[in-house]
Amino acid sequence: MMDERELDRAIDTAAGRMMAQEPRRALGYTVMARVRQGTTPAPRRFVWIVATASLVLCGVITIAVMTRAPSPALSLPVSRQLAVGHPPVAPALEVSVVAEGAMQPRRVARAPIQRGVVRPPVPLTPADMSVIEPIETEPIVLSEIGVPQLAREATSIETLNIEPLTIEPLAASND
Amino acid sequence: MLRSKASIERVTLRHLVRDAQGHPEQSRRMTDGELVERVRAGDTAAFGELVERHRGAVYRAGLAALGNDADAEDVAQEALVLSFNRIDQFRGDASVRTWMVSIAWRLALSRRRRMWWKANRTLAPETELHSLRDVTPSPEARMQSAQFIKSVQQQIRLLPPKLRDALLLAAAGDLTQDEIAAALNIPAATFRGRVRDARLRLKARLGQE
């Protein structure tokens, strides 16, 4: 059985031998060669390249999405307030210019959306314009409504005979 | 491009301190701090002197964590190149050796984690660090207790990593215990406690044999 001091010495010896190694001389040369070349190891350089490329790609996609042309807005017809009690007045000749195809119902495209394709607004040519002729409406004529007189019938209510109430005397006991 | 051994020695000689007339003072070498200042000023060769001085300590830190020669050298190389690239971040709070060892230690721990994951996927856990190279013992030790020392080394390999790291780094003798604690970024008392705990466990196991 070994005593504590011998065990301590054995542990020191064993651990010391495990660490009693020197690096190869080439380590210093390799380090200095890399330092002089100013290069980073290939795998790390590759990682940086991939990271940079993906950042640039993300930026391009973001810019493309943000600057995408807005979808053509459909202008709704302005509602007109009708004058009640007056015959409608035919509106003045109004020429509205509507781009052909602007009111076409939009189809849901099943093909994949091509992002990044920005179409500039197409300038309208006179050929694209059409004149909408006003719709002629007939004035509404108000006529009196005749209500027929209903015949009156006299009804008689028969008189009711109510017998007088008789009050019975209370019992002598409270039972 | 690799430089020859002779050119490295010339680099070492060039960085002897020169006096006012430009003659080298053979009595005093440049300190690590002076070399660091030269490296910061763009003198790459001054870093060669730092590498020569501290590559052993950096390598042994990797060896303590990884347990094999090839990985330790890889980590040492990475750590030395990284310390050159980050020389501006050296503040002088600790010695240059401690700073370099701390860089190597972080790299080694990262590599050990990756090795552990790989080993767990392919090998049994107890095979971890069994590849520690056995050093040929000195003749007197071989005569006395070569077999026993081997069994102690085997028990050291089976210690929990934190205790084994502390014991081996202390045994390397490159840094003081306080410097090792600083390199490992742990309190000095914690480091001493780990070394003590490692010894107690080893004694308990060896006493049973």
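Residues numbered from 1 in each chain as written. Chains lettered and ligands numbered in written order. Predicted model: local features only at pLDDT ≥ 70, side-chain atom pairs only at ≥ 80, totals over all residues. Heavy atoms only, no water.

*Asks:* Honestly, the overall build of chain A in this entry has me stumped. Any pointers?
*Replies:* Each helix and strand counted, chain A has three helices and zero strands in total. When the helices and strands of chain A are read in sequence order from the N terminus, they spell out α-α-α. Relative to its 175 residues, chain A shows a buried fraction of 11%. (Helix = DSSP H or I, 4+ residues; strand = E, 2+ residues; numbered from the N terminus. Buried < 20%, exposed > 50% of the residue type's maximum accessible area, 1.4 Å probe, protein only.)

*Asks:* Explain the overall build of chain B to me, please; I cannot follow it from the model alone.
*Replies:* Helices and strands together make up the secondary structure of chain B, namely nine helices and two strands. Its helices and strands in sequence order give chain B the pattern α-β-β-α-α-α-α-α-α-α-α, from N to C terminus. Within chain B, counting contacts between residues at least 6 apart in sequence, those at least 24 apart form 61% of the total. (Contact = heavy atoms within 4.5 Å.)

*Asks:* Looking at this structure, I do not really get the nonpolar core. What am I missing?
*Replies:* Nonpolar side chains in soluble globular proteins tend to be buried together. F47, I156 and L167 of chain B are the most contacted members of the largest nonpolar core, which has 66 residues in total. Examining the composition of this core, we find that twelve residues originate from one element, helix α3 (residues 44-66) of chain B, more than from any other. Apart from residues lying up to four places away in sequence, I156 of chain B is in contact with I11, A14, A15 and M18 of chain A together with R164, L167, L168 and L202 of chain B. (Core = buried A, V, L, I, M, F, W, Y, C linked by side-chain atoms within 4.5 Å.)

*Asks:* Just to check I follow, could you spell out a nonpolar patch on the surface for this structure?
*Replies:* Together, L57, I61 and V65 of chain A line one region of the surface with nonpolar side chains, adding up to about 260 Å² of accessible area. Tracing the chain through its elements places I61 of chain A in helix α3 (residues 42-66). (Patch = residues over 30% accessible without salt bridge, like charges linked within 9 Å, V, L, I, M, F, W, Y side chains within 5 Å. Areas by Shrake-Rupley, 256 points an atom, 1.4 Å probe, with all protein chains shown as cover. Salt bridge = Lys/Arg side-chain N within 4 Å of Asp/Glu carboxyl O.)

*Asks:* Help me out: how do you make sense of the pattern of salt bridges in this one?
*Replies:* Any two side chains of opposite charge can pair, so long as their charged atoms come close to each other. Throughout the structure, instances matching the rule amount to 18 salt bridges over all chains. Taking the shortest distance from any N to any O, the salt bridge between R53 of chain B and D32 of chain B comes out at 2.7 Å. Of this pair, R53 of chain B sits in helix α3 while D32 of chain B sits in helix α2 (residues 32-40), and the two are 21 residues apart along the sequence. Assigned by exposure class, R53 of chain B and D32 of chain B land together as buried. Note that R60 of chain B and D174 of chain B form a salt bridge whose closest N and O atoms lie 2.7 Å from each other. In this pair, R60 of chain B sits in helix α3 while D174 of chain B sits in the loop between α7 (161-172) and α8 (177-184), placing the two residues 114 residues apart along the sequence. With respect to burial, R60 of chain B and D174 of chain B carry one shared label: buried. Here the salt bridges share partners, and the residues they tie into one network are D8 and D12 of chain A together with R199 and K203 of chain B.

*Asks:* Would you explain α8 of chain B in this entry?
*Replies:* Along an α-helix, residues three or four apart share an orientation, since each turn contains 3.6 residues. Residue and element names in this part refer to chain B. The complete set of buried residues in α8 reads I180, A181, A183 and L184. One side of α8 carries all its buried residues, which in axial view fall inside an arc of 160 degrees. Positive phi appears at N185, one or two residues downstream of α8, with a value of about 60 degrees. (Arc of directions from axis to C-beta.)

*Asks:* What exactly am I supposed to notice about the packing of helix α2 (residues 26-37) of chain A against helix α4 (residues 69-85) of chain B here?
*Replies:* Close contact between α2 of chain A and α4 of chain B brings their axes to 10 Å; oriented N to C, the two are set at 40 degrees. Judged by the twist between their axes, the crossing of α2 of chain A over α4 of chain B is right-handed. Side by side, α2 of chain A and α4 of chain B meet where L27, T30, V31, R34 and V35 of chain A of the first sit next to E73, A76, Q77, E78, L80, V81 and F84 of chain B of the second. Broken down by class, the residue content of the contact of α2 of chain A with α4 of chain B amounts to seven nonpolar, two polar and three charged. (Axes fitted to C-alpha atoms, helices over the stretch in contact; angles between N-to-C directions. Left-handed = near helix turned anticlockwise from the far one by under 90°. Nonpolar A, V, L, I, M, F, W, Y, C, P; charged D, E, K, R; others polar.)

*Asks:* Help me understand the interface of chain A and chain B, please; the structure alone is not making it clear to me.
*Replies:* Interfaces are often sized by the amount of accessible area the parts lose when they come together. At the interface, 32 residues of chain A touch 48 residues of chain B. Across the interface of chain A and chain B, roughly 4,100 Å² is buried in total on both sides, 64% from carbon and sulfur atoms. Taken together, the links from chain A to chain B amount to seven salt bridges. The partner of D12 of chain A in a salt bridge is R199 of chain B, with the nearest N and O atoms 2.2 Å apart. When residues in the side of chain A that touches chain B are grouped by element, the largest group, 13 residues, is from helix α1 (residues 4-19) of chain A. Here the residues of the side of chain A that touches chain B sort into 17 nonpolar, six polar and nine charged. (Buried area = accessible area lost by both parts, 1.4 Å probe.)

*Asks:* Explain the packing of α8 of chain B against helix α9 (residues 188-208) of chain B here, please?
*Replies:* The packing of two helices is summarised by the inter-axis angle and the distance between the axes. Residue and element names in this part refer to chain B. The N-to-C vectors of α8 and α9 enclose an angle of 105 degrees; their axes lie 8 Å apart at closest approach. One element, α8, and the other, α9, form an angle in the roughly perpendicular class. For the pair formed by α8 and α9, the contact residues are Q177, D178, I180, A181 and L184 on the first element and A188, F191 and R192 on the second. (Parallel < 35°, antiparallel > 145°, perpendicular 65-115°, else oblique.)

*Asks:* Teacher, can you tell me more about α2 of chain A here?
*Replies:* Residue and element names in this part refer to chain A. Given a rise of 1.5 Å per residue, twelve residues ought to cover 16 Å, and the 16 Å separating the end C-alpha atoms of α2 matches this to within 8%. Inspection of α2 places L27, G28, Y29, V31, M32, A33, R34 and V35 among the buried residues, and these make up the whole buried set. Note on α2: the residue one or two positions beyond its end, G38, has a positive phi of about 65 degrees. (Expected span 1.5 Å × (residues − 1).)

*Asks:* Which parts of the structure should I look at to understand unusual backbone geometry?
*Replies:* Across residues other than glycine, the phi torsion is negative in most instances, and most of the peptide bonds are trans. The backbone phi angle of N185 of chain B is positive, close to 60 degrees, even though this residue is not glycine. Mapped onto the elements, N185 of chain B comes out in the loop between α8 and α9.

*Asks:* Would you take a moment to explain the environment of R192 of chain B for this structure?
*Replies:* All names here are of chain B. Along the chain, R192 turns up in helix α9. Residue R192 is classed as partly exposed on the basis of its relative accessible area of 37%. Beyond its immediate sequence surroundings of up to four residues, R192 is in contact with Q177 and D178.

*Asks:* Help me understand the confidence of the model for chain B in this model?
*Replies:* Close reading of the predicted structure is inappropriate where its pLDDT is low. Residues and elements named next belong to chain B. Chain-level pLDDT for chain B is 79 on average; 74% of the residues reach the 70-or-more range. Between residues 1-14, whose pLDDT stays under 50, and residues either more than four places distant or in other chains, the model counts 18 contacts. Taken as a whole, residues 123-131 scores under 50 in pLDDT and shows 14 contacts with residues more than four places along the chain or in a different chain. (pLDDT = per-residue confidence, 0-100.)

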